[in-house]
Amino acid sequence: MAQLFFKYGAMNSGKTIEILKVAHNYEEQDKPVVIMTSGLDTRDGVGNVSSRIGLKREALPIFEGTDVFELVNGLKDRPYCVLVDESQFLSKHHVIEFARVVDELNIPVMAFGLKNDFRNELFEGSKYLLLYADKIEELKTICWFCHKKAIMNLHYIDGQPVYEGDQVQIGGNEAYYPVCRHHYFHPMERKES
């Protein structure tokens, strides 16, 4: 029975590498997958999924007007699984459409993304995935400044923490640190040795 999965984690928790690993495992068994990603993420060009360790794959971009149910349903080759990167940028209607892919087409959907933004607010896509997903899993990583688990994303500009601004600010290691709660509020404290 197909299910809707939401796998979330802070920055640098390995979400994209996990997508690429899952895709590889399916494809090694001659089971095609569809990889999708938000059209908002242009760091490596629209429609590309790239991990920090250098692996990269083409993906179908999702825009506000994209009907992901119709897109998947209209594919010539039926996928064994749909993998979604940057799922925090999905809209509510996308999440419901992915739920229909699971329920009506019996195709599992694995969505990977951030849960909360740098202001520590839920993203729309994450909010509705938390509500609609059959299974929810946290991908863990450690705080940039200590050994604790990172549960938040610290945005910084010119070495200074930023806590306000537009929710969507695309960036990677040059703009964000995965941090524990303590270092989210006290990022200037010395790193543990």
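Just above, that's the structure.
What counts, and at which threshold
Residues numbered from 1 in each chain as written. Predicted model: local features only at pLDDT ≥ 70, side-chain atom pairs only at ≥ 80, totals over all residues. Heavy atoms only, no water. Buried < 20%, exposed > 50% of the residue type's maximum accessible area, 1.4 Å probe, protein only. Helix = DSSP H or I, 4+ residues; strand = E, 2+ residues; numbered from the N terminus. Pairing = 2+ DSSP bridges. Salt bridge = Lys/Arg side-chain N within 4 Å of Asp/Glu carboxyl O. Expected span 1.5 Å × (residues − 1).

(A) The arrangement of the pairing of strand β7 (residues 109-113) in detail. In terms of residue burial, β7 counts as a mostly covered element, since 5 of its 5 residues are buried. Across the two faces of β7 the burial is the same, with V109, A111 and G113 and M110 and F112 all buried. When strand β1 (residues 4-8) meets β7, the two strands line up parallel, connected through 5 bridges. Looking across to β7, one finds that K7 is bridged to F112. One ladder, built from 3 bridges, connects strand β6 (residues 81-85) with β7; its direction is parallel. Bridging across to β7, V82 finds its partner in V109.

(B) Representation of the pattern of salt bridges. Applying the stated criterion across every chain yields a total of 6 salt bridges. Taking the shortest distance from any N to any O, the salt bridge between K7 and E137 comes out at 3.5 Å. Within this pair, whereas K7 is found in strand β1, its partner E137 is found in strand β8 (residues 135-138), the two being separated by 130 residues in sequence. Residue class for K7 comes out buried when judged on its relative accessible area of 13%.

(C) Focus on helix α1 (residues 15-28). Its 14 residues place the ends of α1 20 Å apart at the C-alpha level, agreeing with the 20 Å of an ideal helix rising 1.5 Å per residue. Just past α1, the residue D30 takes up positive phi, approximately 60°.

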